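# Inside the fold
What follows is the residue order along each chain.
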Amino acid sequence: GPARLLGPTPYLPGLEMLWSQRALLLWLTWFGLQVALYLLPARKVAEGQELKDKSRLHYPINGFQALVLTALLVGLGVLVGLPLGELSEMLLPLAFVATLAAFIFSLFLYMKAQVAPASALAPGGNSGNPIYDFFLGRELNPRICSFDFKYFCELRPGLIGWVLINLALLVQEAELRGSPSLAMWLVNGFQLLYVGDALWHEEAVLTTMDITHDGFGFMLAFGDLVWVPFTYSLQAQFLLYHPQPLRLPMASVICLINAIGYYIFRGANSQKDTFRKNPSDPRVADLETISTATGRQLLVSGWWGMVRHPNYLGDLIMALAWSLPCGVSHLLPYFYLLYFTALLVHREARDEQQCLQKYGRAWHEYCQRVPYRILPYIY
Ligand SMILES: NC(=O)C1=CN([C@@H]2O[C@H](COP(=O)(O)OP(=O)(O)OC[C@H]3O[C@@H](n4cnc5c(N)ncnc54)[C@H](OP(=O)(O)O)[C@@H]3O)[C@@H](O)[C@H]2O)C=CC1
Ligand SMILES: CC(C)CCC[C@@H](C)[C@H]1CC=C2C3=C(CC[C@@]21C)[C@@]1(C)CC[C@H](O)C(C)(C)[C@@H]1CC3
């Protein structure tokens, strides 16, 4: 039937549609596979940011390797007859199992925090209100031996799961209609580029506030394990049931939009990374900076002189390019763009608050020099 966002749904799925033992088995296999890939030898072991007790944790850098090995395994599986397309019919029970798992996992994390030393707790998430703390997460870097739960969940099962679901939808479309549509190819390609890029630059996640500041609780566990794979794949899900006639000229324009978004996103993120690692690197040595009281400097020219969050701008332009192949007849494919705008506006505000705390007057000066947050001359 036609897609609809407003108005009553024609039916609500019953419990029997949510629960399936096959989905449980499949999800456990998937999670186990990603754990195994995480434990494989890594090309590099990176150090995290300094913790309250002055120590630093170690993290394996083998996320991209996990993506490639997963692709090889899935490819082999398909060759020997694994019905990958059928995954597209199991999304609801899979999301249900993943939600249950996130819930149980967060309960475990909440209890684990009871026995953690005070220095291991996150700045938020320890209010004493059990529901609030369960939701935000109490422990900053929960681990068993060297296995880091938050770091693992941020980048593996959900992120790689997202592109696997996309691929399953592409395969299913080919089985249904003879070949995958151009729109489906674009959505798969763009999102694979995004996930591949995140895993290739895995080390950058160690400086994000999710790792350095936020506890690991239900919100992040649900976000990583359920929200990312099952809602970020909505465009491909939409395309399977609502094929779109996309012609080459329009497809080229959409590719160009994605390329521009990616160029800004990657340029900005890499410029800051390079600068933070070594400010006298020839690629960033000529950029103008402001000194702060902490000894760290802030860039005020280059990408970070254009707006205060150029990486968010690039990310949003890509989000637009992911929706456009789905046409403009429905709102659903634009859900990601809308949700993501809200997420980034909120995230930007949180980051500003933290930067103001860190840098005080220097941050005020930066805000004066670079008045716009995300969109030049508008916001
Ligand atoms: N698809 C998705 O669902 C999501 C995607 N993302 C993406 O992940 C990436 C990382 O984002 P995020 O973790 O929010 O943080 P950012 O990469 O934007 O980092 C913010 C930090 O950068 C430093 N900084 C800010 N301004 C300057 C400056 N002018 N010069 C030098 N350093 C500066 C500050 O830290 P310090 O000074 O301490 O170095 C600040 O705290 C982004 O590209 C974002 O779009 C994020 C969330 C969700
Ligand atoms: C309504 C939901 C419950 C809100 C959940 C928020 C989460 C979806 C996001 C919070 C931070 C995230 C990050 C990524 C994905 C979305 C969530 C989990 C991220 C892994 C995406 C890829 C990026 O390159 C990144 C920097 C690795 C992101 C880290 C934060």
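In the block above lies the structure referred to throughout.
Residues numbered from 1 in each chain as written. Chains lettered and ligands numbered in written order. Predicted model: local features only at pLDDT ≥ 70, side-chain atom pairs only at ≥ 80, totals over all residues. Heavy atoms only, no water.

Glancing now at the overall build of the protein chain. Within the protein chain one finds 16 helices and six strands. Taken along the three principal axes of its C-alpha coordinates, the protein chain extends 60 × 55 × 45 Å. Classification of the 379 residues of the protein chain by burial places 49% in the buried group. Counting only contacts in the protein chain whose residues sit at least 6 apart along the sequence, the fraction spanning at least 24 positions is 76%. Just so you have it, the protein chain exposes about 19,300 Å², and 66% of that area is on carbon and sulfur atoms. Within the protein chain, the 27 negative side-chain charges are centred at a point lying 4 Å from the centre of the 27 positive side-chain charges. (Helix = DSSP H or I, 4+ residues; strand = E, 2+ residues; numbered from the N terminus. Buried < 20%, exposed > 50% of the residue type's maximum accessible area, 1.4 Å probe, protein only. Contact = heavy atoms within 4.5 Å. Areas by Shrake-Rupley, 256 points an atom, 1.4 Å probe, with all protein chains shown as cover. Lys, Arg positive; Asp, Glu negative; His and termini not counted. Charge placed at Lys NZ, Arg CZ, Asp CG, Glu CD.)

With respect to spatial proximity, 24 residues lie near ligand 1, and among them Tyr232, Arg276, Tyr312, Asp315 and Tyr359 are the closest. Note that an oxygen atom of ligand 1 is positioned 2.6 Å from one of the side-chain N or O atoms of Tyr232. At 2.4 Å, a side-chain N or O of Asp315 approaches an oxygen atom of ligand 1. When isolated, ligand 1 has an accessible area of 930 Å², and the protein chains bury 86% of it. For the shell around ligand 1, the secondary structure elements donating two or more residues are α12 (248-277), β6 (297-299), α14 (310-323) and α15 (335-359). (Near = heavy atom within 4 Å. Polar contact = N/O pair within 3.5 Å; in protein donor to acceptor, adjacent residues only side chain to side chain.)

Neighbouring residues of ligand 2: 14 residues in total, closest Glu154, Asp210, Asp224, Trp227 and Tyr339. For ligand 2, whose unbound accessible area comes to 630 Å², protein coverage reaches 77%. Mapped onto the shell around ligand 2, the elements with two or more residues apiece are α6 (149-155), α10 (218-231) and α15. The greatest single-element share of the shell around ligand 2, amounting to five residues, is contributed by α10.

Once that is clear, we can look at helix α16 (residues 361-369). For α16, the complete set of buried residues consists of Ala362, Trp363, Tyr366 and Cys367. On an axial view of α16, the arc spanned by its buried residues comes to 145 degrees, and they lie on one face. Exposed and oriented more than 90 degrees from the buried face of α16 are Arg361 and Gln368. Where the residues of α16 are buried, they touch β5 (289-291), β6, α13 (303-306) and α15. (Arc of directions from axis to C-beta.)

Let us look at the packing of helix α2 (residues 21-39) against helix α4 (residues 91-114). One can describe the packing of α2 onto α4 by two numbers: an axis separation of 9 Å at closest approach and a directional angle of 60 degrees. Overall, the two elements α2 and α4 adopt an arrangement that is oblique. Helix-helix and strand crossings are classified by hand; for α2 and α4 the assignment is right-handed. Touching Ala23, Leu24, Leu26 and Trp27 of α2 are Pro93, Leu94, Val97, Ala98 and Ala101, all from α4. Its residues placed into classes, the contact of α2 with α4 shows nine nonpolar, no polar and no charged. (Axes fitted to C-alpha atoms, helices over the stretch in contact; angles between N-to-C directions. Parallel < 35°, antiparallel > 145°, perpendicular 65-115°, else oblique. Left-handed = near helix turned anticlockwise from the far one by under 90°. Nonpolar A, V, L, I, M, F, W, Y, C, P; charged D, E, K, R; others polar.)

With that settled, consider the packing of aromatic side chains. Taken as a whole and assessed by the stated rule, the structure comprises 36 aromatic pairs. Ring centres 5.2 Å apart and planes at 90 degrees place the aromatic pair Trp162 and Tyr232 in the edge-to-face group. Of this pair, Trp162 sits in helix α7 (residues 157-177) while Tyr232 sits in the loop between α10 and α11 (234-241); the two residues are 70 residues apart in sequence, bridging distant segments of the chain. Tyr232 carries the same exposure label as Trp162, and that label is buried. (Phe/Tyr/Trp six-rings, centres within 6.5 Å; stacked < 30°, edge-to-face > 60°.)

What follows deals with the pattern of salt bridges. In the structure shown here, the tally under the stated rule is 15 salt bridges. Across the salt bridge formed by Arg347 and Asp210, the nearest N and O atoms sit 2.6 Å from each other. Note that Arg347 is positioned in helix α15 and Asp210 in helix α9 (residues 209-212), a separation of 137 residues in sequence. Through salt bridges with shared partners, a single network forms among Arg308, Glu348, Glu352 and Arg373. (Salt bridge = Lys/Arg side-chain N within 4 Å of Asp/Glu carboxyl O.)

Here we take up unusual backbone geometry. Its identity is not glycine, yet Cys145 carries a phi of approximately 55 degrees, on the positive side. Along the chain, Cys145 falls in the loop between β3 (143-144) and β4 (147-148). With a phi close to 65 degrees, Tyr377 is a non-glycine residue in the positive phi region. With respect to the element layout, Tyr377 can be found in the segment after α16.

These figures come from the coordinates and say nothing about function on their own.
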